Every structure is written in structure tokens, then in C-alpha cells.
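Each chain is listed here by its residues.
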Amino acid sequence: MNPKITIPIAIIVSVAITAGIMYSIGFEQDIQVTQTLEPEIIYVDKTLEEYFQGTQNIKKISSQEELKKILEVSAVFNGQIFDERMLRSFSVMDGDMAVAESAPQAEPAVKTQSGGSEYSTTNVQVANVDEPDYLKNDSKYVYIVSRNTLSIIDAYPAESAKLILKIALDIESQYIQNMFLNGDRLVIFYNGQSDDQIIPQYDFVPQRSYEPVTHALIVDVSDKENPTILKDYSIDGHFRDARMIGDYAYFVTNSHINYQYPRLPVIMEDAVRIMTPEAFYFDNVEQFSNFSTLTAIDIFGDKINSETFLMGYSGTFYVSEDNFYLTYQQNMPFGFYENSSRDRFFDVVVPLLPKDIQDEIKVIKSDSSLNSSSQWMKISELMQKSYNTMNKDDKEKLFEKIKQALIEYDTKKQQDTQKTIIHKVSINEDKIEYVAKGSVPGRLLNQFSMDQSGDRFRVATTTEYYIQHQGTIRSNSVYVLDENLNIVGGLEDIAPDESIFSSRFIGERLYLVTFQQIDPFFVIDLSTDTPKILGELKIPGFSNYLHPYDEEHIIGIGRDTKELDNNRVQQLGIKIALFNVKDVKNPIVADDIVIGDSSTHSEALFNHKAFFFDKTRGILSIPVNGDVKSLNESSSKMFAPEYIRWSGFYVFEIDALNGINTKGTITHSEEDSRYYGMGEARTFYIDDVLYTASEQHLKMNDFDSLEKINSIKLENTGKFIEYMEDEILR
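Note that the coordinates shown come from a computational prediction; the quantities given were computed from them, not determined experimentally.

**Student:** Break down the overall build of the protein for me, citing the residues and quoting the values.
**Tutor:** Of regular secondary structure, the protein possesses seven helices and 43 strands. Residue pairs in contact within the protein that sit at least 24 positions apart in sequence constitute 60% of those at least 6 positions apart. Here the protein displays about 32600 Å² of accessible surface, and carbon together with sulfur accounts for 46% of that area.

And the structure:
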């Protein structure tokens with residue numbers, strides 16, 4: 001960059017940024033306003049100004065040269081050093097960013113198995129939108145990926161259940177935890193590495209560079225003993241999340257931008273490049289930290305499409321049947337906070353000083369012969385002399401007035417800068433089309449903080465920031481956005497000084513739990529664009545996850561709590577509550593149950609896939625790990641071995657009339673085992689058999705009596721692991 005070019009883009013470093021630009025900046029980080037040295041003013045070549053004019057529009061990156069220019073300007077935003085000589089040469093020519101050729105679509109495989117008539121699958125947020133997991137099942141077979149292995153179990157009938165196949169995939173040894181099942185096709189995702197050569201800056205010897213890539217394997221499992229890999233797609237970047245709708249799998253990868261060796265993401269099949277996704281960026285002052293690539297693949301054919309977006313690091317996702325929403329926390333451009341303290345002083349403090357002092361400060365500020373440090377020395381001396389001439393009361397009144405003005409200024413500035421950026425992308429089979437970008441104040445908790453209903457998108461957020469003289473300020477809000485992600489309504493200042501711990505959008509209502517010391521459970525009406533609180537309930541504890549029971553009841557799972565002295569709160573055992581919301585103005589707890597004490601843990605507290613509930617049978621199951629003594633005290637129906645820790649599943653009967661009752665437990669730990677955890681724990685059923693899975697076992701119990709039917713050991717069997725033949729693993 002030539003520092004002497006005289007056409008500035010002033011929006012790069014000024015805190016007096018336009019509201020529209022501040023509205024769109026994104027990346028997750030903790031924000032603190034600090035007093036630092038004033039950064040050097042940066043000037044940008046006029047020819048680059050066309051790329052960033054603050055229009056907020058999405059723009060296509062049409063060529064390698066354009067990518068180079070965009071990154072050059074972006075490097076200035078981020079305070080990076082950029083050298084165009086470091087750009088790698090791409091094999092992609094201009095205009096080659098296109099969709100791969102589509103071959104005729106194959107017909108889905110026909111099921112030939114004979115399984116149960118009823119079975120359960122993964123607990124998902126949106127109907128008809130499947131979510132990936134490490135375990136998938138149909139009415140007969142169970143498929144499990146663990147580390148670098150795939151296991152297939154003939155699980156029905158349970159009495160003769162057996163492990164059909166356990167094979168090791170020829171990949172880097174790691175945990176594979178995400179896959180889909182559709183008929184006789186599996187889609188298995190795992191992270192790998194590319195193997196490139198680069199020449200480091202100011203060196204001459206090429207060195208290997210290992211960049212993350214995501215593999216998507218499409219596996220035909222129609223022959224359970226001889227599965228076949230049909231496709232091995234690799235997409236640049238870390239795997240972030242995925243959904244399956246019909247016969248299409250959609251997944252997002254994040255590839256970090258290396259400003260020294262930038263490259264566009266590419267898609268390969270069996271190590272052969274088949275396409276480079278169309279690439280886009282956004283016309284705003286934003287720290288472009290990643291390419292977020294959304295890819296759609298037809299698992300029964302050859303169709304594949306992908307688009308990549310230069311943006312902040314993608315965080316939480318929400319997916320409906322027709323839209324994919326990518327979100328992240330905005331990130332202010334380099335120099336924002338450094339200038340913030342300067343602008344804060346001149347915009348807020350100076351106008352409140354005596355008029356003669358204001359005039360003298362203006363003269364000093366306009367003196368171009370002084371650098372910023374010399375200017376501040378003169379201004380501070382001037383202010384000190386002025387304070388020395390004031391009487392005590394006048395000075396205290398002035399300081400109090402300035403303090404209040406700064407609190408208002410800082411509050412507004414923090415609110416404007418702490419936003420969640422939302423990108424909406426339309427999906428329809430292999431068609432991917434960017435729709436809109438929007439933002440809402442605050443941060444999201446998880447995917448359940450978002451929901452699409454018709455043409456409305458609803459979001460629940462927590463805003464948290466620190467203000468000098470006031471401390472940490474928290475509040476919660478609900479916003480309604482239109483199809484273009486413009487805010488059309490909202491409800492703010494819900495449960496001040498608390499944070500959202502769980503939320504669930506169900507139809508025209510939002511059920512919201514916040515927590516700091518007690519657990520307010522809110523019922524919020526969303527029948528119009530103006531949300532309103534219908535009812536509120538305050539009880540000890542909190543819920544981490546909310547699950548629908550029926551129109552009048554909600555199930556919550558979290559922890560019980562106890563208030564201590566000095567406004568402290570002690571977390572106790574796992575708490576399951578059944579909320580009755582028939583009278584929306586006065587919701588009540590119909591029943592609750594507490595398991596163990598603070599030593600008790602459950603994956604269901606932070607992973608909804610570990611939560612199992614079947615309303616027709618009135619059964620709820622969660623994995624539990626805890627001290628035996630505390631668990632025995634919480635249940636008279638324990639079937640635990642007598643040693644320090646116990647791992648297994650608690651099974652409950654639950655209905656609106658009789659509440660929650662412990663049906664029994666299923667042990668997954670052994671007396672001679674050192675295994676104390678219960679991660680990757682799942683429950684499902686086929687007909688009248690309840691299946692529970694952990695890292696070590698798949699157990700089968702009678703649905704009614706919970707009597708043991710069968711058990712299969714999954715880990716550390718001591719046997720050889722078969723490797724697939726060369727023609728199968730390519």
C-alpha cells in the first residue's frame with residue numbers, strides 16, 4: 001500500500017461510522033473499550049474505493065484479481081500487512097466459479113429389510129429437517145460412527161441383535177461424530193487436511209501447508225456386510241453444521257483467510273477438483289475472517305452446488321425447510337476502539353465544559369503543527385487549570401453531569417456495536433440463492449434462539465456489556481424480522497440483569513427461561529409483530545432445554561438451585577419440570593423431579609439429541625452420571641452397582657395428569673470399569689424395545705418393565721477391525 005495516496009476512505013477507522021455500516025459488522029468477540037494510542041490514519045487507493053462504499057449489498061467476486069483487491073482493502077480494515085506478491089496462483093480462471101455438471105439422477109435404493117412397525121429417530125428442532133449425529137437408526141439397523149470406525153448393528157429383533165460389521169475408515173485417526181441416514185445411504189462427515197506447498201515470506205524453500213478440509217462420504221449400505229463408498233467429496237474448511245431435507249444434505253464449512261496465502265475454497269471429488277463455488281462478499285466495513293461455504297449434495301445422484309461468502313466466523317445456524325440462516329457476532333474494524341476514546345471525549349465531554357475552555361480546545365485541536373500527543377498535553381493542562389479555579393460544588397456538579405452523559409453515550413455505543421449478524425440463504429434441492437442480511441442487538445444462546453414462521457423470522461437475544469460507574473448491564477429481547485430480515489417488531493428489557501438459559505418457539509408462542517438467581521419462565525405471545533409477555537413464573541433453578549409436550553404443557557430440563565448469603569446461588573441436582581401453560585397469564589409447575597446433587601451430570605443439559613421423549617408412550621429418558629450416594633437418595637428404583645460413580649439412563653413416566661415419575665434406570669457402567677462418563681449417549685426405540693447407547697454399549701430393554709433383553713459391547717472388544725477392500729475405500 002502506498003501511504004501517500006491522498007484519497008481516504010474515512011469510514012475505515014472513524015467511530016463516527018454511519019448507522020448502516022455499524023448495523024452490519026460481524027464476528028464473535030468480547031468487547032471492551034480501552035484507552036490506547038491513536039492509530040495512524042490510513043489512506044486507500046481511489047481505485048479500491050469501489051469495493052467498499054457502505055451500500056450493504058452482496059457482491060460477486062468475479063475474478064482472481066478482484067479477490068486480490070478486496071483482500072487488500074480488507075487487510076487495511078483489519079490492521080493486517082498485505083503483500084500482493086503473496087497471492088497464490090489459482091488453477092481457476094475468471095468465470096470458472098460455477099456449478100459442476102449434473103449427471104442423471106439415480107433412483108433411491110429400495111428397502112428390503114424387515115424391521116419394526118414403529119421406531120424413533122434423532123430429536124430435531126424443525127420437522128422434516130434432519131440433524132446429523134453419531135448414531136442413526138431405522139426400523140431394523142443401527143449405524144454408529146466412533147473415532148474412525150463405522151459399526152452396523154442388526155438391532156431388531158432385540159433378542160437376536162448382533163454386530164454385523166465394524167470397519168475402520170482409512171482416514172486420520174479422529175472422532176467422527178456427524179452423519180445422516182437416508183434409506184440405504186449414509187452421509188459421513190469428517191475433518192481432514194489438504195497438503196499444499198508454499199514459500200514462506202522472505203524465504204525460498206517451499207514448505208508443506210496443511211489446511212483443514214471437510215470430507216463428505218456418501219456410503220451405500222444396502223449390503224450391510226460390504227458397504228461401498230460412492231462419493232468422497234472434500235470441501236475446504238472445518239465442518240460447522242449440516243441438515244438433511246429430502247434427498248439433499250446441506251452443510252457449512254468455515255475456512256480461515258490467510259492473508260499471506262489467500263485462496264478460494266474448492267470442492268474436490270476423489271482428489272480431483274470438480275468446482276469452485278461462486279464467491280461473494282459484502283459491501284461494508286467488516287473484518288473478513290472466513291469463507292463460509294454452504295454446499296448442497298444429492299445423496300442419490302451426482303448433483304452438487306455450493307456458494308461461499310466472505311464474512312465473519314459463522315456461529316449458530318437455523319434451518320427451515322426452505323431457508324438456511326447463518327449467524328455470527330459482529331466485529332468492529334481495526335482502529336474502532338482506539339478512536340472511540342478520542343471521539344467520546346470530543347463529542348461528549350468537551351460540549352459540557354465551560355464555553356471559554358471549549359473555544360481554547362477547538363483552537364488546539366485545529367493546530368496542524370501539533371501531533372495528537374502534544375495536543376492532548378495542552379488540552380489536559382488547560383482543563384486542570386480550569387478545574388483549579390472552580391469551587392468544590394461546581395466541580396462536583398460538572399463531573400456528575402459529564403459522568404451521566406458518558407454513561408448514556410457508552411450505553412448507546414455498546415448497544416450499537418454488540419449485534420448478531422444474520423444471513424438468509426434460500427435452499428431448494430440443489431438451488432442455493434442468497435436472500436438477505438440483517439442484524440439484531442445482542443447475542444444468541446443456540447439454535448433454539450431462532451425460528452421461522454411463515455415469512456417471519458423470530459430471534460431471542462441477550463445483551464450484555466460493561467459501563468463505567470455502573471458495572472455489567474444485562475437485558476433480554478425478542479425481535480420479529482420480515483422476509484428481508486428487517487426488524488418489524490420487538491420486545492426489549494425482558495428480565496433485566498439476567499441471561500437467557502433456554503428458549504423454544506412453538507407456533508405463535510415463545511417459551512423463555514432466564515436466570516441469575518431465580519428461574520423466570522416466560523410465556524410470550526408472537527401472534528403479531530409486537531411480542532408481549534402473557535405470563536411469568538418464578539421458581540428456583542433453571543432450564544437448559546425446553547421440549548414441547550402438548551399445547552398446554554412444556555418440559556424443561558436443567559438444574560435445581562439454592563440461594564445462599566451475599567446473593568450467591570448454589571447449583572444442585574438435575575431438575576426436570578413439567579410446566580402447565582393452559583392459563584397463559586399464570587403458568588405453573590405441574591410437577592418436577594430432582595436427580596442427584598451438584599455432582600450429577602447429563603449430556604441432555606447441553607445437547608438436545610441426548611434428550612428422548614415419546615408422548616404416545618409417555619416415556620422420557622436422559623443419560624445421567626453421578627455419585628452413587630446422591631443418586632440412590634434421589635430414587636428408590638436404582639439398579640446401580642455399589643461403587644463411587646454410576647453411569648446410565650434415567651427413564652421416567654410423564655403425563656399431564658400424573659406428572660413425572662421415575663420408571664427405572666438402565667446401567668451402562670460396570671464394576672470393573674474405569675469409565676465414568678456418559679458422553680455420546682442416545683435413546684431410541686423400535687416397537688416395544690427401548691434402546692440406549694453410550695460410548696461402550698448398546699443396550700436393549702423392554703419398554704414397559706425395563707428388563708434387560710440384550711446388550712452389545714461397542715468399544716474395546718479386543719478383536720481385529722476389518723479394513724475395507726481397496727476398491728471400496730478409495
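**Student:** Account for the nonpolar core, with residues named and values stated.
**Tutor:** Nonpolar side chains in soluble globular proteins tend to be buried together. If you look at the biggest cluster of nonpolar residues, it comprises 36 residues, and the most contacted ones within it are L186, I188, Y691 and L698. In terms of residue count, the dominant contributor to this core is strand β3 (residues 141-146) (five residues). I188 has contacts with V145, L150, I176, N178, M179, H215, A216, L217 and V219, leaving out every residue within four places of it along the chain. Counting 34 residues, the second largest nonpolar core, distinct from the first, contains V252, F309, V319 and L326.

**Student:** So, helix α5 (residues 372-388): which residues are in play, and what are the values?
**Tutor:** Here α5 contains 17 residues, and its C-alpha end-to-end distance of 24 Å stays within 8% of the 24 Å for a straight helix at 1.5 Å per residue. What α5 keeps buried is the set Q375, I379, L382, M383, S386 and Y387. All buried residues of α5 project into a common sector of 135 degrees when viewed along the axis, lining one side. Of the exposed residues in α5, the ones pointing more than 90 degrees away from its buried face are M377, K385 and N388.

**Student:** Outline the sheet that holds strand β37 (residues 645-655), listing residues and values.
**Tutor:** Here four strands make up an open sheet; going across it, the order is β35-β36-β37-β38 and the pairing antiparallel. If you trace the sheet from one side to the other, it starts and ends with β35 (612-614) and β38 (659-667), each paired once. If you compare each strand with its neighbour and ignore which way they point, the axes differ by 30 degrees on average.

**Student:** Explain the side chain of N123 residue by residue, including any values.
**Tutor:** With respect to the helices and strands, the residue N123 is situated in the loop between α2 (64-78) and β2 (135-137). At 2.8 Å, the side chain of N123 forms a polar contact with the backbone oxygen of H608. At a separation of 3.5 Å, a polar atom in the side chain of N123 contacts the main-chain carbonyl oxygen of F611. Not counting residues within four places of it along the chain, the set of residues in contact with N123 comprises Y545, H547, H608, K609 and F611.

**Student:** Could you give an account of unusual backbone geometry, with specific residues and numbers?
**Tutor:** With glycine set apart, most residues show a phi of negative sign, and most peptide bonds adopt trans. P157 follows Y156 through a cis peptide bond whose omega is 0 degrees. Of note, the phi angle at A271 is positive, near 70 degrees, even though the residue is not glycine. Secondary-structure assignment places A271 in the loop between β14 (267-269) and β15 (272-275). You can call A271 exposed: its relative accessible area is 65%.

**Student:** Summarise the packing of aromatic side chains; cite the residues concerned and give the values.
**Tutor:** By the definition in use, this model includes 28 aromatic pairs. Between the aromatic rings of F345 and F346, the centroid separation amounts to 5.2 Å while the plane-to-plane angle is 75 degrees, which identifies the pairing as edge-to-face. With a centroid separation of 5.0 Å and 85 degrees between ring planes, the pair formed by F345 and W376 is classed as edge-to-face. Pair noted here: F345 is in helix α3 (residues 336-349) and W376 is in helix α5, with a separation of 31 residues, a long-range link.

**Student:** Quick rundown of the confidence of the model for the protein? Include the residues and the values.
**Tutor:** On average, residues of the protein score 81 in pLDDT, and 78% of them are at 70 or above. Within the protein, helix α1 (residues 19-22) has the poorest average pLDDT of any element, 31, and strand β23 (residues 450-453) the best, 98. Every residue in residues 635-641 scores below 50 in pLDDT, and together they form 22 contacts with partners more than four places removed in sequence or on other chains.

**Student:** Go over the pattern of salt bridges with me, naming the residues and quoting the values.
**Tutor:** Following the criterion strictly, the structure yields 24 salt bridges and no others. A salt bridge links R443 to E464; its shortest N-O distance comes to 3.3 Å. Of this pair, R443 sits in the loop between β22 (431-441) and β23 while E464 sits in strand β24 (residues 456-467), and the two are 21 residues apart along the sequence. For E464, a relative accessible area of 28% translates into the label partly exposed.

**Student:** For the environment of R263, give the residues involved together with the corresponding values.
**Tutor:** By secondary structure assignment, the location of R263 is in the loop between β13 (248-256) and β14. Assessed through its relative accessible area of 23%, R263 is described here as partly exposed.

**Student:** Just give me the short version of the environment of Q418, but keep the residues and values in it.
**Tutor:** Its location among the elements puts Q418 in the loop between α6 (392-417) and β21 (419-428). Taking C-alpha positions, Q418 is 6.8 Å from Q330, a pair spaced 88 residues apart along the chain. Only 3.3 Å separates the side chain of Q418 from the backbone oxygen of E464, close enough to count as a polar contact.

**Student:** Let's hear about the pairing of strand β4 (residues 149-154): which residues, and what values?
**Tutor:** The buried count for β4 comes to six of six residues, which makes it a mostly enclosed element. Burial along β4 is two-sided: the residues T149, S151 and I153 and L150, I152 and D154 are all buried. Looking at chain direction, β3 and β4 are connected through six bridges and run antiparallel. Across the sheet, S146 pairs through a bridge with T149, a residue of β4. Connecting β3 to the next strand, β4, in antiparallel fashion are two residues, including R147 with a positive phi near 55 degrees. Here β4 runs beside strand β5 (residues 162-168); their pairing, made up of six bridges, is antiparallel. Across the sheet, residue I152 finds its bridge partner in β5, namely L165.

**Student:** Requested: an account of the sheet that holds strand β19 (residues 317-319), with residues and values cited.
**Tutor:** The antiparallel open sheet is built from four strands, whose spatial order is β19-β20-β21-β22. Strands at the two margins of the open sheet, each flanked by one partner only, are β19 and β22. Averaged over all pairs of adjacent strands, the angle between their axes in this sheet comes to 20 degrees, without regard to strand direction. The sheet contact formed by strand β20 (residues 323-329) and β21 spans seven bridges and is antiparallel. Bridge pairing in β21 places Q329 opposite T420.

**Student:** Account for helix α4 (residues 355-365), naming residues and giving values.
**Tutor:** For α4, the full list of buried residues reads I357, Q358, I361 and I364. Along α4, the residues classed as buried sweep out an arc of 120 degrees about the axis, all on the same side. Set apart from the buried face of α4 by more than 90 degrees, the exposed residues are K355, K362 and V363.

Rules used in this analysis
Residues numbered from 1 in each chain as written. Predicted model: local features only at pLDDT ≥ 70, side-chain atom pairs only at ≥ 80, totals over all residues. Heavy atoms only, no water. Helix = DSSP H or I, 4+ residues; strand = E, 2+ residues; numbered from the N terminus. Contact = heavy atoms within 4.5 Å. Areas by Shrake-Rupley, 256 points an atom, 1.4 Å probe, with all protein chains shown as cover. Core = buried A, V, L, I, M, F, W, Y, C linked by side-chain atoms within 4.5 Å. Buried < 20%, exposed > 50% of the residue type's maximum accessible area, 1.4 Å probe, protein only. Expected span 1.5 Å × (residues − 1). Arc of directions from axis to C-beta. Pairing = 2+ DSSP bridges. Axes fitted to C-alpha atoms, helices over the stretch in contact; angles between N-to-C directions. Polar contact = N/O pair within 3.5 Å; in protein donor to acceptor, adjacent residues only side chain to side chain. Phe/Tyr/Trp six-rings, centres within 6.5 Å; stacked < 30°, edge-to-face > 60°. pLDDT = per-residue confidence, 0-100. Salt bridge = Lys/Arg side-chain N within 4 Å of Asp/Glu carboxyl O.

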